[in-house]
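Breakdown of the fold
The chain contents come next:
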Amino acid sequence: MTTTDPFPDCHVQAGKAADGPYAVDIDPERAGWGYSSLRILDLPPGGSHSLATGDSEWIVLPLSGGCTVIAEGETFELHGRESVFSGVSDFVYLPRDSHAQIASGAGGRFALTGARCERRLPARYGPASAVPVELRGSGNCSRQVNNFAAAAGKSGGGFECDKLIAVEVLTPGGNWSSYPPHKHDQCRPGEESELEEIYYFEIAEAHGNEGVGYQRVSPSGHGRGTDVLAEIRSGDTVLIPDGWHGPSIAAPGHDMYYLNVMAGPEAERAWLIRDHPDHAWIRSTWPDQPVDPRLPLYQAPAGDPR
């Protein structure tokens, strides 16, 4: 693993990680770690893109618009969605050591979430109707989680990958997500997983104004000592090689979306976290508060929208 650190403050503003066709291109070499990757691909109407998966497994997830993915001799039609704030999306899993062609007649924005891996699993379509939508927390800690590629043990039993874990989180304006602060930077079997994580953000506009959010990562005493306090705008990413991460704060009036991409060295693909001991007590207050009535922002569709 390289020790290059091109993003020393771990907050990558929109455009700062662009490369070629990608609005965001973060791989293990650029991040200075071993496993997790994220690419954001913008395609114009009629545009197409060739992807070599290399040593990583990938999921193609529409953020806006739909696309066709050709891989492993199969053609997958992704219905997609208008935006990350309008609905759950279908997706396609791509194995390592493969090639794929992504094309969009109407154009759109697509997340490619990746992880270096060993096993070569089959290419598969994930329907939007099968994505478990979870409401997590309560009160002003309420948020929605779309567990499209969660590990086994999460809502719905998870989606099989070798290393990759990926979910979407939607936070109503004024609420706190990723709270209480938690970490997963040590291997402690049965208690905590070692996982690198990428947050990719989009903030909903309101009354014609661009929104902002805030992200905190504080040192845990392990790894690099990551320390971030950042104002977040649409298209920003935050890299979390280690540390207590949270809260992710949505400004009042502006709903916040973030895409979490995680992977790590452990043989078991699991999301096991440790809450910050100073703030873990907040969970005990949740049963006494209602979930924010604005949630869910939307549900997964009842069946295949095609």
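Structure's up top.
So, here's what we can say about the structure. All values derive from a computational prediction rather than experimental measurement.

Criteria and cut-off values
- Residues numbered from 1 in each chain as written.
- Predicted model: local features only at pLDDT ≥ 70, side-chain atom pairs only at ≥ 80, totals over all residues.
- Heavy atoms only, no water.
- Salt bridge = Lys/Arg side-chain N within 4 Å of Asp/Glu carboxyl O.
- Buried < 20%, exposed > 50% of the residue type's maximum accessible area, 1.4 Å probe, protein only.
- Helix = DSSP H or I, 4+ residues; strand = E, 2+ residues; numbered from the N terminus.
- Contact = heavy atoms within 4.5 Å.
- Core = buried A, V, L, I, M, F, W, Y, C linked by side-chain atoms within 4.5 Å.
- Polar contact = N/O pair within 3.5 Å; in protein donor to acceptor, adjacent residues only side chain to side chain.
- Phe/Tyr/Trp six-rings, centres within 6.5 Å; stacked < 30°, edge-to-face > 60°.
- Lys NZ or Arg CZ within 6 Å of the ring centre and 35° of its normal.

A separate point is the pattern of salt bridges. In a structure, side chains of opposite charge can pair up when their charged atoms sit close to one another. Within the structure shown, the criterion is met by 19 salt bridges. Here Arg136 and Glu134 are joined by a salt bridge, their closest N and O atoms 3.0 Å apart. Accessibility expressed as a relative area gives 19% for Glu134, which makes it buried. Taken together, the shared-partner salt bridges in this structure form one network comprising Lys183, Asp185, Arg188, Glu191 and Glu192.

Residue placement: Thr237 occurs in strand E21 (residues 237-240). According to the relative accessible area criterion, Thr237 is buried, its value standing at 1%. When sequence neighbours within four positions are dropped, the list of residues in contact with Thr237 reads Cys10, His11, Val12, Val24, Ile26, Leu38, Tyr199 and Tyr200.

What follows concerns the nonpolar core. Counting 53 residues, the largest nonpolar core has Leu38, Ile59, Leu61, Phe148, Leu239 and Leu259 as its most contacted members. Broken down by element, the residue count for this core peaks at 6 residues, all from strand E23 (residues 256-263). In contact with Leu38, not counting residues within four places along its chain, are Val24, Asp25, Ile26, Ala111, Leu112, Thr113, Ile198, Tyr200, Thr237, Leu259 and Val261.

A few words on the environment of Asp19. Turning to its location among the elements, Asp19 is positioned in the loop between strand E1 (11-12) and strand E2 (22-26). For the pair formed by Asp19 and Pro301, sequence separation is 282 residues and the distance between their alpha carbons is 35 Å. Setting aside residues up to four positions removed in sequence, Asp19 forms contacts with Asp25 and Arg30.

Right, let's get into the side chain of His184. Mapped onto the elements of the fold, His184 is located in the loop between strand E15 (182-183) and strand E16 (185-188). Within polar-contact distance, the side chain of His184 engages the side chain of Glu197 at 2.8 Å. Not counting residues within four places of it along the chain, the set of residues in contact with His184 comprises Glu192, Ser193, Glu194, Leu195, Glu197, His245, Met262, Trp271, Leu272 and Ile273.

Here we take up the packing of aromatic side chains. Under the counting rule described, the total for this entry stands at 7 aromatic pairs. Members of the aromatic cluster, joined through ring pairs, are Phe91, Tyr93, Phe148 and Phe159. Directly above the aromatic system of Tyr93 lies the positively charged group of Arg124, at a separation of 4.5 Å from the ring centroid. The ring of Trp244 has Lys183 lying over it, and the distance from NZ or CZ to the ring centre is 5.7 Å.

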